[in-house]
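Okay, here's what each chain looks like letter by letter:
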Amino acid sequence: MIESLHSPHIARVKALIGSKGAKERREQGLFVAEGVQCTREALTSAGGPEIKIIYATEQGLSKIAELDLGAVDIVEVSEPVLKAMSDTVSPQGLISLCYTPENSISELALTGSSTVIYLHEIQDPGNAGTILRTADAMGITAVVTSPDSVDMYSPKVVRSTAGSLWNIPVYEGVTFQALASIFPDTQKILLSSHASTSIFDLKIAGDCIAVFGNEARGVDAAALGAAVTEVTIPMAGNAESLNLSAAASIVMFTLSAKVAG
């Protein structure tokens with residue numbers, strides 16, 4: 001058991017979640033997944049990121065005792081060491097170092113009834129994680145992010161996904177023009193408050209790519225470099241707008257219902 005607060009293991013984990021964590025994650029090809037749910041999904045999912053090491057307290061191990069840990073490198077640590085590694089106020093006793101997937105957008109295959117979410121310069125980790133979690137729940141095929149979007153493997157995003165990162169593929173740093181060139185005939189929609197077409201009236205024929213813009217400034221359809229149909233969410237109440245993740249959730253539910261129907 002590691003008990004020293006000067007252990008290099010602590011420094012390694014802290015480097016991946018610190019102020020320069022994005023650079024460290026890129027260079028090491030690793031990211032940190034903390035908590036019981038992420039650990040469970042990583043251990044039981046057929047796909048998604050693979051675990052390199054699990055740092056665990058005795059109590060943390062008891063929470064996943066029923067799972068097969070034979071193929072995973074487990075490093076037991078004391079409660080103070082785990083807390084020193086943690087990015088949360090109340091650690092759950094489990095921190096996993098995982099390999100960052102090397103997903104290529106050229107490998108993405110659509111089925112004729114697929115829905116892909118495209119996040120254009122999304123900045124808020126909570127929004128990104130919640131959108132990915134909802135995408136998983138709604139049966140979305142993949143989530144694609146633009147250059148200058150939040151790092152989908154940052155600690156706050158990973159935590160917000162609540163394990164869904166292991167259930168749905170993510171493709172980072174892809175321009176919309178590149179995505180459109182791979183799927184030129186796929187229907188493409190952009191959520192916009194200025195649109196006149198309701199998302200509820202939209203006709204879906206085949207595959208669909210749904211675009212969500214930056215939280216503060218959205219995205220100009222003309223700036224995407226490919227044709228899109230702008231849609232809006234009609235609101236009967238008095239709220240001026242919806243939080244991005246809430247709006248995205250409504251759109252994804254509506255699209256999944258249309259595909260199922």
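Residues numbered from 1 in each chain as written. Predicted model: local features only at pLDDT ≥ 70, side-chain atom pairs only at ≥ 80, totals over all residues. Heavy atoms only, no water.

Participant: Please provide a residue-by-residue account of the packing of aromatic side chains, values included.
Facilitator: Scanning the entire structure with this criterion turns up three aromatic pairs. Ring centres of tyrosine 118 and phenylalanine 176 lie 5.3 Å apart, and the angle between their planes is 65°; on these two criteria the pair is classed as edge-to-face. Taken together, the residues tyrosine 118 in strand β5 (residues 115-119) and phenylalanine 176 in helix α8 (residues 176-182) connect sequence positions 58 residues apart. Here a set of aromatic residues connected by ring pairs shows up, and it is made of Phe31, Tyr153 and Trp166. (Phe/Tyr/Trp six-rings, centres within 6.5 Å; stacked < 30°, edge-to-face > 60°. Helix = DSSP H or I, 4+ residues; strand = E, 2+ residues; numbered from the N terminus.)

Participant: I'd like a rundown of the pattern of salt bridges, residues and numbers included.
Facilitator: Pairing between side chains of opposite charge can happen when the charged atoms of each approach one another. Taken as a whole and judged by the stated rule, the model has five salt bridges. Across the pair aspartate 151 and arginine 25 runs a salt bridge, and its minimum N-O distance is 2.8 Å. With aspartate 151 in the loop between β6 (142-145) and α7 (155-161) and arginine 25 in helix α2 (residues 21-28), the pair connects residues that are 126 residues apart, well separated along the chain. Classification of aspartate 151 by relative accessible area gives partly exposed; the value is 22%. Note that aspartate 87 is salt-bridged to arginine 159, the shortest N-O span being 3.3 Å. (Salt bridge = Lys/Arg side-chain N within 4 Å of Asp/Glu carboxyl O. Buried < 20%, exposed > 50% of the residue type's maximum accessible area, 1.4 Å probe, protein only.)

Participant: Give me the lowdown on the sheet that holds strand β1 (residues 30-34), citing residues and values where you can.
Facilitator: Ordered by their spatial adjacency, four strands build an open sheet running β1-β4-β2-β3, and the pairing between neighbours is mixed. At either end of the open sheet lies a strand with only one pairing partner, and these are β1 and β3 (74-76). On average, adjacent strands in this sheet sit at an angle of 20° to one another, irrespective of strand direction. Sheet topology note: the strand β2 (residues 51-56)/β3 ladder contains three bridges and is parallel. Across the sheet, alanine 56 pairs through a bridge with glutamate 76, a residue of β3. Sheet strands touched by helix α1 (residues 8-17): β1, β2 and β4 (94-99). Its angle to β1, the strand with the most contacts, is close to 95°. Most of the contacts of helix α3 (residues 36-44) go to β2, to which it runs at about 145°, and overall it touches β1, β2 and β4. (Pairing = 2+ DSSP bridges. Axes fitted to C-alpha atoms, helices over the stretch in contact; angles between N-to-C directions. Contact = heavy atoms within 4.5 Å.)

Participant: Describe the side chain of threonine 232, naming the residues involved and giving the relevant values.
Facilitator: Considering the arrangement of structural elements, one finds threonine 232 in strand β11 (residues 229-232). A distance of 3.3 Å separates a polar atom in the side chain of threonine 232 from the backbone oxygen of serine 192. Here threonine 232 is in contact with Leu191, Ser192, Ser193, Ala195, Thr197, Ser198 and Ile199, once residues within four sequence places are set aside. (Polar contact = N/O pair within 3.5 Å; in protein donor to acceptor, adjacent residues only side chain to side chain.)

Participant: I'd love a proper account of the layout of surface pockets, names of residues and values included.
Facilitator: Counted as a void, the largest pocket has a volume near 610 Å³. Taken together, 25 residues form the lining of the largest pocket, with Leu191, Ser192, Ser193, Gly218 and Leu242 sitting closest to its centre. Elements that contribute at least two residues to the lining of the largest pocket include exactly β8 (187-191), β11 and α9 (244-260). When its residues are assigned to classes, the lining of the largest pocket shows eleven nonpolar, nine polar and five charged. Roughly 200 Å³ of internal volume is contained in the second largest pocket. In terms of lining residues, the second largest pocket is bounded by Ala22, Arg25, Arg26, Gly29, Thr100, Pro101, Glu102, Asp151, Tyr153 and Glu172. Classifying every residue of the lining of the second largest pocket by side-chain character gives three nonpolar, two polar and five charged. (1 Å grid on protein atoms, 1.4 Å probe; cavity = no way out; pocket = protein on both sides within 12 Å on 5 of 7 lines; lining within 4 Å. Points joined across faces, edges and corners; volume = space filled by probe spheres on them. Nonpolar A, V, L, I, M, F, W, Y, C, P; charged D, E, K, R; others polar.)

Participant: Mind laying out empty space enclosed by the protein, listing which residues take part and the relevant values?
Facilitator: Applying the stated criterion across every chain, the model contains one cavity of 30 Å³ or more. Considered as a void within the structure, the largest cavity measures approximately 40 Å³ in volume. Contributing elements (two or more residues each) for the lining of the largest cavity: β1 and α7. A breakdown of the residues in the lining of the largest cavity according to their chemical character gives four nonpolar, no polar and two charged.

Take it as geometry only, folks, not as evidence of what the structure does.
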